[in-house]
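# Report on the structure
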Amino acid sequence: MAATVATPVTPTEHEPDRCGSEEESRGAEVEEESTQQQPTGPVAAVTHGRLSKLPLARIKALIKTDPDVSLASQESVFIIAKATELFVEMIARDSLVYTQQGKRKTLQRKDLDNAIEAIDEFAFLEGTLD
């Protein structure tokens with residue numbers, strides 16, 4: 001004896017409604033198939049939107065200004081760009097605390113100075129803004 005389970009079928013947004021033609025439904029099926037096969041990783045940054053907010057070509061040019069570096073792979077450029085984004089976000093969030101303590105909405109240089117002095121992770125930046 002096999003038990004059967006009945007599951008209700010609910011229409012999805014890709015299913016054509018009853019008044020749509022067959023050509024429209026085939027177009028929706030092709031469109032659905034093309035969206036399922038998207039690349040991931042750094043390749044996706046080039047083909048489908050940007051994963052990095054910083055210009056990778058500019059970062060690669062900066063890396064190549066070092067005389068010890070002759071080649072830089074796309075993966076390494078992407079990782080450096082992502083690390084830079086995260087660093088800038090971190091220091092901006094920490095500086096925002098001092099901006100809010102001063103009851104201001106605009107981040108100022110003194111807020112960055114306060115964050116650099118107060119947070120040990122930013123000790124290497126002390127004196128760089130002078």
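Right above here is the structure, for reference.
What this report covers is the structure whose coordinates are included nearby. Worth saying up front: this structure is predicted, and the values here are computed from it rather than measured.

The final tally for this structure, using the stated rule, is four salt bridges. With a closest N to O distance of 3.5 Å, Glu85 and Lys82 form a salt bridge. Remark: Lys82 and Glu85 occur in helix α4 (residues 74–101); sequence separation between them is three residues, near one turn of the helix. Looking at Lys82, the relative accessible area reads 31%, which means it is partly exposed. In this structure, Arg93 engages Glu89 in a salt bridge whose closest nitrogen and oxygen atoms are separated by 2.7 Å. Of this pair, Arg93 and Glu89 both sit in helix α4, four residues apart, roughly one helical turn. Overall, Arg93 belongs to the exposed group, its relative accessible area being 55%. Owing to a relative accessible area of 37%, Glu89 belongs among the partly exposed residues under this scheme.

This brings us to the packing of aromatic side chains. Aromatic ring pairs are described here by two measures, namely the spacing of the ring centres and the angle between the planes. This structure, assessed with the given rule, holds two aromatic pairs. Between Phe87 and Phe124, the ring centres sit 6.2 Å apart and the planes meet at 40 degrees, which makes this aromatic pair tilted. Of this pair, Phe87 sits in helix α4 while Phe124 sits in the segment after α5 (109–118); the two residues are 37 residues apart in sequence, bridging distant segments of the chain. Since its relative accessible area comes to 57%, Phe124 is described here as exposed. An aromatic cluster is present here, built from Phe87, Phe122 and Phe124 joined pairwise through their rings.

Criteria and thresholds
Note on numbering: residues in each chain are counted from 1, in written sequence order. Totals for whole chains, interfaces and linings use all residues, but because this is a predicted model, local features are given only for residues with pLDDT of at least 70 and pairs of side-chain atoms are given and counted only at 80 or more. Remark: hydrogens and water are excluded; side-chain values derive from all non-hydrogen atoms of the structure. For this analysis, a salt bridge means a side-chain nitrogen from Lys or Arg found within 4 Å of a carboxyl oxygen belonging to Asp or Glu. Labels follow the DSSP assignment, with helices taken as runs of H or I lasting at least four residues and strands as runs of E lasting at least two, numbered in each case from the N terminus. Each residue is placed in one exposure class: buried if its accessible area under a 1.4 Å probe, protein chains only, is under 20% of its type's maximum, exposed if it is over 50%, and partly exposed if it falls in between. Two rings from Phe, Tyr or Trp (for Trp, the six-membered ring) form a pair when their centres are within 6.5 Å of each other. A pair whose planes differ by under 30 degrees is stacked, one over 60 is edge-to-face, and the rest are tilted.

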